[in-house]
Amino acid sequence: MGKARTLAQVYRRFGEVDGAGASPLYARVAVALSESEVALRAIELAPVRKRQPAVVLAALHDLALAGRAPALAAAYAAGDLDGAADAAVDTLVRRADEVVAVAVRRKPRADETGRCAVLYPAVAEAAHRVGADAIGLVDVGCSAGLNLNVDRVGVAYGNGQVLGDASSPVRFSASVVGERPLPARALPEVVARVGVDGDPVDVTDPDEARWLRACLPPDQPERAAQLAAELALAATAPPALLTGDAVEMLPEALARVPEGALPVVTTTWALSRLPLESRLRFLQCLDEAATDRAVAWVSVEGVGVAPAVPTMGDRRASGHSILGVAVFRHSALQAEAVGRCWSRGRLLAWLADS
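Worth saying up front: this structure is predicted, and the values here are computed from it rather than measured.

### So, the overall build of the chain
Point 1. The number of helices and strands found in the chain is twelve helices and eleven strands.
Point 2. Since a compact globule built from 354 residues should have a radius of gyration of about 20 Å, the 22 Å found for the chain is in line with a globular shape.
Point 3. Along the three orthogonal principal directions, the C-alpha set of the chain runs to about 65 × 40 × 40 Å.
Point 4. Here the chain holds 354 residues, and the buried ones make up 53% of them.
Point 5. Across the chain, 37 positive and 42 negative side-chain charges occur, with their mean positions spaced 4 Å apart.

Written out as structure tokens, the structure is:
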């Protein structure tokens, strides 16, 4: 009972505090799970690290999307909070083994949509600084590789600027603060798309794509529609996915960019998962790759996370991220902080002279 009470507190806190603002549906479900001893016992069948609300709720959602929990799916679709709470408890109790199996096999995926809004001007800036006519994109920590379609989306900014492909089925929007406009350059031709991740997601695999949708709360239809559009676009030109350590796989990923094209490595909140030693080796790997040709790195990371990218005096854990553009050429490095962003790229301030 001690374990059950501790788990109950975790779920109640998620429902009343952590998840309450983002998803009223999940808030109600989490509280219901916290109040059901049989549901808590079912959750305890999973390894300790797989008992957290984000994992279990996503596993339940996955079953609903797969058609294996029709009552839960119907309640989610109707936005019926009480019905969803009852159905979630019932599904968890009756299908505990299936829920646990999904939770054990999968890991939660962070919201990946919208990052192209902050990446587009920075990748274009990197290509401009090198004078590149063609680029090869290498996304580190890519997950599903959605960032690799940065040239195939349209982005409307709050200052009236529009970048990218205005006819694209995938459209983003972002607010711009400050007086500097974004550089209005188009991206050069993208001739390679390579993703590197310890556990990449194949967007052409229905089960993998469904899990990405399952990681979004059911009562956020706009985010779900955006993700569906991105997945459909990515599936029309799937990237090459390399599985393994980001630093160890980087040379192979860069080698897949044809000669004559500028390799542009992108990291979006990926380096914070690596210890400092690995981040420094990442930087060294980029430097070593630039012996025979230029290599660019576009980083969107927390303050002080990306080595060699200036912090402009900003404090760590200050609530925003720094947008960096680094160019490695003949073992010489030029790195600049070209902007700041907030809310995972939904708010952007451009700082560089372009």
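### Focus on the pattern of salt bridges
Point 1. Scanning the model with the defined rule gives 19 salt bridges in all.
Point 2. Across the salt bridge formed by R12 and E35, the nearest N and O atoms sit 2.7 Å from each other. On the criterion of sequence distance, the pair formed by R12 in helix α1 (residues 2-18) and E35 in the loop between α2 (24-34) and α3 (37-43) is long-range, its members being 23 residues apart.
Point 3. Using a relative accessible area of 29% as the deciding quantity, one classes R12 as partly exposed.
Point 4. Judged by its relative accessible area of 53%, E35 is exposed.
Point 5. A single salt-bridge network, built from bridges that share partners, covers E125, R129, R185 and E336.

### Quick notes on the packing of aromatic side chains
Point 1. If you walk through the whole model with that rule in mind, you get two aromatic pairs.
Point 2. Between the aromatic rings of Y26 and Y76, the centroid separation amounts to 6.4 Å while the plane-to-plane angle is 65 degrees, which identifies the pairing as edge-to-face. With Y26 in helix α2 and Y76 in helix α5 (residues 70-78), this pair connects stretches of sequence that are 50 residues apart. In terms of burial, Y26 and Y76 fall into one category: buried.
Point 3. Taken together, a centroid distance of 5.3 Å and an interplanar angle of 75 degrees make the contact between F282 and W297 edge-to-face. Of this pair, F282 sits in helix α12 (residues 276-289) while W297 sits in strand β8 (residues 295-302), and the two are 15 residues apart along the sequence. Each member of the pair, F282 as well as W297, is classed as buried.
Point 4. The ring of W269 has R344 lying over it, and the distance from NZ or CZ to the ring centre is 4.6 Å.

### With respect to helix α10 (residues 221-236)
Given 3.6 residues per helical turn, the α-helix brings residues three or four places apart onto the same face.
Point 1. With 16 residues, α10 extends 23 Å between its outermost C-alpha atoms, agreeing within 8% with the 22 Å of an ideal straight helix rising 1.5 Å per residue.
Point 2. All buried positions along α10 are accounted for by L227, E230, L231, L233 and A234. All buried residues of α10 lie within an arc of 165 degrees about the axis, which places them on one face of the element. Every exposed residue of α10 that faces more than 90 degrees away from the buried side is listed here: P221, E222 and T236.
Point 3. The elements touched by buried residues of α10 are β4 (171-176) and α9 (206-214).

### A closer look at the pairing of β8
Point 1. Counted residue by residue, β8 has seven buried out of eight residues, so it is predominantly covered.
Point 2. One ladder, built from five bridges, connects strand β7 (residues 262-268) with β8; its direction is parallel. Looking at the pairing, T268 lines up with V300 of β8.
Point 3. Sheet topology places β8 next to strand β9 (residues 321-329); eight bridges connect them, and they run antiparallel. Each residue of the ladder has a partner; that of A296, found in β9, is V327.

### Details of the environment of P200
Point 1. With respect to the element layout, P200 can be found in the loop between β5 (189-197) and α9.
Point 2. Considering only alpha carbons, one finds P200 and G244, 44 residues apart in sequence, at a separation of 9.0 Å.

### Some points on the nonpolar core
Point 1. I135, L137, Y157, V264, V298 and L323 are the most contacted members of the largest nonpolar core, which totals 41 residues.
Point 2. For this core, the leading source of residues is helix α8 (residues 116-130), giving ten residues.
Point 3. Among the nonpolar cores identified, the runner-up in size contains 39 residues, and V56, A75, L92 and W211 belong to it.

### A short note on the confidence of the model for the chain
Point 1. Averaged over the chain, the pLDDT score is 94; the fraction of residues at 70 or greater is 98%.
Point 2. Across the chain, the secondary-structure element scoring lowest on mean pLDDT is α1, at 84, and the one scoring highest is α5, at 98.

### Concerning the side chain of R51
Point 1. By the element assignment, R51 lies in the loop between α3 and α4 (53-65).
Point 2. The side chain of R51 is buried and forms no salt bridge, while E44, the nearest opposite charge, is found at 4.5 Å.
Point 3. Excluding its chain neighbours within four sequence positions, the residues that come into contact with R51 are L7, Y11, I43, E44, A46 and V56.

### A look at the sheet that holds β8
Point 1. With mixed pairing, the eleven strands of this open sheet are ordered in space as β3-β2-β4-β11-β10-β9-β8-β7-β1-β5-β6. Looking at strand neighbours, the two that pair on one side only are β3 (162-164) and β6 (240-243), the edges of this open sheet. Across the sheet, the mean angle separating the axes of adjacent strands is 25 degrees when strand polarity is ignored.
Point 2. Relative to strand β11 (residues 347-350), strand β10 (residues 332-342) runs antiparallel, the two being bridged by four bridges. For G339, the partnering residue across the bridge sits in β11 and is W350.
Point 3. Strand contacts of α8: β1 (134-140), β2 (154-157), β3, β4, β7, β8, β9, β10 and β11, with the helix running at about 25 degrees to β9, the strand carrying the most contacts.
Point 4. Running over the sheet, helix α11 (residues 246-255) touches β1, β5, β6, β7 and β8 and is turned about 160 degrees from β1.

Criteria and cut-off values
- Along every chain, residues carry numbers that run from 1 in the direction the sequence is written.
- Where totals are concerned, whole chains, interfaces and linings use all residues; where local detail is concerned, this predicted model gives features only for residues with pLDDT of at least 70, and gives and counts side-chain atom pairs only at 80 or more.
- For the side-chain quantities, the full set of heavy atoms in the structure was used; hydrogens and water were omitted.
- Numbering goes from the N terminus for both helices and strands, where a helix is a DSSP run of H or I of at least four residues and a strand is a run of E of at least two.
- This radius of gyration counts C-alpha atoms alone. The globule rule is 2.2 Å times how many residues there are, raised to the power 0.38.
- Between buried and exposed lies partly exposed: a residue is buried under 20% and exposed over 50% of the maximum accessible area for its type, with that area taken using a 1.4 Å probe on protein chains only.
- A positive count includes Lys and Arg, and a negative count includes Asp and Glu. His and the chain ends are not counted in either.
- Where a charge sits is defined by one atom per residue type, namely NZ (Lys), CZ (Arg), CG (Asp) or CD (Glu).
- Basic side-chain nitrogens of Lys or Arg form a salt bridge, by our definition, when they fall within 4 Å of a carboxyl oxygen of Asp or Glu.
- Note on ring pairs: Phe, Tyr and Trp rings are taken, using the six-membered ring of Trp, and paired if centres are within 6.5 Å. Classes follow the plane angle, with under 30 degrees stacked, over 60 edge-to-face and the rest tilted.
- Charge-over-ring contacts are defined here by two conditions on Lys NZ or Arg CZ: a distance within 6 Å of the ring centre and an angle within 35 degrees of the ring normal.
- To estimate how far a helix should extend, the number of its residues minus one is multiplied by 1.5 Å.
- When we speak of the arc, we mean the arc of directions from the helix axis to the C-beta atoms.
- The contact criterion used is simple: two residues touch if any of their non-hydrogen atoms lie within 4.5 Å.
- Two strands pair if DSSP finds at least two bridges between them.
- Residues grouped as a nonpolar core are buried Ala, Val, Leu, Ile, Met, Phe, Trp, Tyr and Cys residues, joined through side-chain atoms within 4.5 Å.
- The predictor reports its confidence for every residue as pLDDT, a score running from 0 up to 100.
- Angles shown run from 0 to 180 degrees and are taken between the N-to-C directions of axes, each axis being a line fitted to C-alpha atoms and, for helices, limited to the stretch in contact.

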